[in-house]
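Letter by letter, the chains look like this.
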Amino acid sequence: MGKQYESINGRLRAFIERQPVYFVATAPVSTDGHVNVSPKGRSGTLVVIDELTLAYLDFGGSTAETIAHLRENGRITLMWCAFDGPPTVVRVHGRGEPVFRDDPRFAGLLGRFDPAVDGSGLRAIVLVRAERVSDSCGFAVPLMDYRADRELHAQYFGRKDEEEFNTYCEGKQYVGTSIDGLPALPLPLPPRPGTS
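Thresholds applied
Residues numbered from 1 in each chain as written. Predicted model: local features only at pLDDT ≥ 70, side-chain atom pairs only at ≥ 80, totals over all residues. Heavy atoms only, no water. 1 Å grid on protein atoms, 1.4 Å probe; cavity = no way out; pocket = protein on both sides within 12 Å on 5 of 7 lines; lining within 4 Å. Points joined across faces, edges and corners; volume = space filled by probe spheres on them. Helix = DSSP H or I, 4+ residues; strand = E, 2+ residues; numbered from the N terminus. Nonpolar A, V, L, I, M, F, W, Y, C, P; charged D, E, K, R; others polar. Core = buried A, V, L, I, M, F, W, Y, C linked by side-chain atoms within 4.5 Å. Buried < 20%, exposed > 50% of the residue type's maximum accessible area, 1.4 Å probe, protein only. Contact = heavy atoms within 4.5 Å. Polar contact = N/O pair within 3.5 Å; in protein donor to acceptor, adjacent residues only side chain to side chain. Salt bridge = Lys/Arg side-chain N within 4 Å of Asp/Glu carboxyl O. Phe/Tyr/Trp six-rings, centres within 6.5 Å; stacked < 30°, edge-to-face > 60°. Lys NZ or Arg CZ within 6 Å of the ring centre and 35° of its normal. Arc of directions from axis to C-beta.

Enquirer: I'd like a description of the layout of surface pockets, backed by residues and values.
Expert: The computed volume of the largest pocket comes to approximately 1,200 Å³. Residue lining of the largest pocket: 44 residues in total, with Pro 20, Val 21, Lys 40, Gly 41 and Arg 42 positioned closest to the centre. Of all the secondary structure elements, the ones that give two or more residues to the lining of the largest pocket are helix H1 (10-18), strand S3 (36-40), strand S5 (53-59), helix H2 (65-72) and helix H4 (152-158). Taken together, the residues of the lining of the largest pocket break down into 19 nonpolar, 13 polar and 12 charged. As a volume, the second largest pocket reaches approximately 220 Å³. As for the second largest pocket, its lining consists of 16 residues, of which Glu 17, Gln 19, Ser 43, Gly 44 and Leu 46 are closest to the centre. For the lining of the second largest pocket, the elements supplying multiple residues, two or more each, are H1 and strand S4 (46-50). Taken together, the residues of the lining of the second largest pocket sort by class into 7 nonpolar, 5 polar and 4 charged.

Have a look at this one:
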């Protein structure tokens, strides 16, 4: 039986921080627009800031639908599934915003993440304020074994300097604007704090 919570309490926080993968869902206001669901991984790239606030690192490598939708309407849902242990699904419905590299809050937010995380390819930080926190049974979620994070993403972007990364973003379809034509990532990318 599912339950709603007033906050991301100790047990829920521990569950969230333990999961190696989670999913992010957003949508534009238009009923003709594309709903987006993205898998997220890479250890250390999500933090629970307080009982109602989370943040995760947004990297290059795909489109920027989540950023576009957040800029338009702010609606976001994050979902974690237990692929081992007790069957559990946790959802956080809330309001999110992309914090871009030239935002005065960027450096402070980045400091909340594990400094060992390779930040190559970092485009923005997504800040989420929870409005509804709930769990439900995960009886239909399969049992799977986690082996390791894939290193390909960090390796690929680790070979690009800031100028090359900016060129990559500018040349990729649906990064400056979404599939539905909404403003997404500001291009050219603002420099990362401490790199200019």
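Picking up after the structure, the text goes on.
Enquirer: Give a description of the nonpolar core that names residues and reports values.
Expert: Leu 78 and Trp 80 are the most contacted members of the largest nonpolar core, which has 22 residues in total. For this core, the elements supplying multiple residues, two or more each, are H1, strand S2 (22-26), S4, S5, strand S6 (75-81), strand S7 (88-100) and strand S8 (122-137). The element contributing the most residues to this core is S8, with 4 residues. Leave out the neighbours within four places in its chain, and Leu 78 touches Tyr 22, Phe 23, Val 24, Leu 46, Tyr 56, Val 90, Arg 91, Val 92 and Val 128.

Enquirer: Can you tell me about the side chain of His 69, naming the residues and giving the values?
Expert: Mapped onto the fold, His 69 is located in helix H2. In terms of polar contacts, His 69 uses its side chain to reach the side chain of Thr 26, at 2.7 Å. When sequence neighbours within four positions are dropped, the list of residues in contact with His 69 reads Thr 26, Ala 27, Pro 28, His 34, Asn 36, Gly 74, Asp 180 and Leu 182.

Enquirer: How would you summarise the pattern of salt bridges if you had to cite specific residues and measurements?
Expert: Summed over the entire model, instances satisfying the criterion amount to 7 salt bridges. Note that Glu 17 is salt-bridged to Arg 13, the shortest N-O span being 3.1 Å. With Glu 17 and Arg 13 both in helix H1 and 4 residues apart, the pair spans about one turn of that helix. As a salt-bridge pair, Glu 97 and Arg 105 come within 3.0 Å of each other at their nearest N and O atoms.

Enquirer: Provide a residue-level description of the environment of Pro 190, including the pertinent values.
Expert: Here Pro 190 shows up in the segment after helix H5 (162-171). Each C-alpha atom of the pair Pro 190 and Ala 124 lies 10.0 Å from the other, and the pair is 66 residues apart in sequence. The contacts of Pro 190, once residues within four sequence positions are left out, are Arg 101 and Asp 102.

Enquirer: Kindly report on the packing of aromatic side chains, identifying the contributing residues and their values.
Expert: Throughout the structure, instances matching the rule amount to 7 aromatic pairs. Their ring planes at 90° and their centres at 5.6 Å tell us that Phe 157 and Phe 165 sit as a pair that is edge-to-face. Look at Phe 157 and Tyr 168: their rings are 5.2 Å apart centre to centre, the planes differ by 80°, and that puts the pair in the edge-to-face class. One end of the pair, Phe 157, is in helix H4; the other, Tyr 168, is in helix H5, and 11 residues separate them in sequence. The burial state of Phe 157 is the same as that of Tyr 168; both residues are buried. Taking NZ or CZ as reference, Arg 42 lies 4.2 Å from the ring centre of Phe 59, over its face.

Enquirer: With reference to specific residues and values, describe H1.
Expert: Every buried residue of H1 is listed here: Leu 12, Phe 15 and Ile 16. When H1 is viewed along its axis, its buried side chains cluster within an angular range of 95° and face the same direction. Facing away from the buried side of H1, by more than 90 degrees, are the exposed residues Gly 10 and Arg 18. As for H1, its buried residues are in contact with strand S1 (3-5), S4, S5, S6, S7 and S8. With a side-chain oxygen lying 3.2 Å from the backbone nitrogen of Arg 11, the N-terminal cap of H1 falls on Asn 9.

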